[in-house]
Amino acid sequence: MAERIPIGADHAGFALKERLKSELGAMGYEVDDVGTTSEDSVDYPDFAHRVADRVERGEARRGILLCGSGLGMSYAANRHHGVRAAIAWSPEIARLSREHNDANVLVLPARFIEADEGVEILRTWLETSFEGGRHVRRVEKIEPESE
Ligand code: RB5
C-alpha cells in the first residue's frame, strides 16, 4: 500500500506545495493535502498543526510543510510531542536532517528556494534513512526530562 504523506502550506508555500504534490504522486506516494487551497492570506499554524497532529498520533510516519521562511511552520510543528520538524534549504541539509536528526517533518522555506530545488530537497529527504548509532542517544535527549 502506498505511504500516505500529509502536506500543508500557507499562502507563501501554496504554489510549491502544488508542484510537490504532483512530484509525490509521480513517486508513488498518496498525498494527504491539508491545505491551504489558494494564495489568499492564511495563518501558517493552522496547517502546521494539521500535519504535525497526524505525525504525533502515528497516523502518518512523516509530513511536509511549506511557508515563506520555514520558521513559523517549524515552530508550530515542533510543539507536538515526537515531532522533529527540520527546515531544509538544500539537499545537503535535508540529508543531514534525516541521517543525524531523524526528522519526521520536512519544512521548506518557499520564498528562498527555486521550485526545482524544492523537488530535489524533497527527494533527498524522502530517500535518506536515519543513521542510528550515536545519533539515537542525541535524538532521545531532545525531549526535555520532566522535573
Ligand atoms: C507569510 O507572510 C510568512 O510570514 C509565512 O509564510 C512564514 O514565513 C512565517 O514564518
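Residues numbered from 1 in each chain as written. Predicted model: local features only at pLDDT ≥ 70, side-chain atom pairs only at ≥ 80, totals over all residues. Heavy atoms only, no water.

Evaluated as defined, the whole model comprises 18 salt bridges. Put simply, R54 and D32 hold a salt bridge, and the shortest N to O gap is 2.7 Å. Taken together, the residues span a long stretch of sequence, with R54 in helix α2 (residues 44-56) and D32 in strand β2 (residues 30-33) at a distance of 22 residues. The class for R54 is partly exposed, based on a relative accessible area of 25%. (Salt bridge = Lys/Arg side-chain N within 4 Å of Asp/Glu carboxyl O. Helix = DSSP H or I, 4+ residues; strand = E, 2+ residues; numbered from the N terminus. Buried < 20%, exposed > 50% of the residue type's maximum accessible area, 1.4 Å probe, protein only.)

Here the focus is the site of the ligand. Lining the immediate environment of the ligand, one finds D10, H11, A12, Y44, C67, G68, S69, G72 and R111. In the model, an oxygen atom of the ligand is placed 2.6 Å from a nitrogen or oxygen of the D10 side chain. Between the ligand and the protein, one listed contact pairs an oxygen atom with a backbone N or O atom of G72 at 2.9 Å. Here the ligand loses 71% of its free accessible area of 290 Å² to cover by the protein chains. When grouped by side-chain class, the residues that make up the shell around the ligand number 3 nonpolar, 4 polar and 2 charged. (Near = heavy atom within 4 Å. Polar contact = N/O pair within 3.5 Å; in protein donor to acceptor, adjacent residues only side chain to side chain. Areas by Shrake-Rupley, 256 points an atom, 1.4 Å probe, with all protein chains shown as cover. Nonpolar A, V, L, I, M, F, W, Y, C, P; charged D, E, K, R; others polar.)

Strand order in the open sheet made by the 5 strands is β2-β1-β3-β5-β4, with parallel pairing throughout. The sheet is open, and its two borders are formed by β2 and β4 (85-87), each paired with just one other strand. The mean angle between the axes of side-by-side strands here comes to 25°, regardless of whether they run parallel or antiparallel. Relative to strand β5 (residues 105-109), β4 runs parallel, the two being bridged by 3 bridges. Paired with I87 across the two strands is V107, which belongs to β5. Its contacts with the sheet place α2 against β1 (4-9), β2, β3 (63-67) and β5, and it is angled at close to 165° to β3. Along the sheet, helix α5 (residues 115-127) contacts β1, β3 and β5; its crossing angle with β5, the most-contacted strand, is approximately 165°. (Pairing = 2+ DSSP bridges. Axes fitted to C-alpha atoms, helices over the stretch in contact; angles between N-to-C directions. Contact = heavy atoms within 4.5 Å.)

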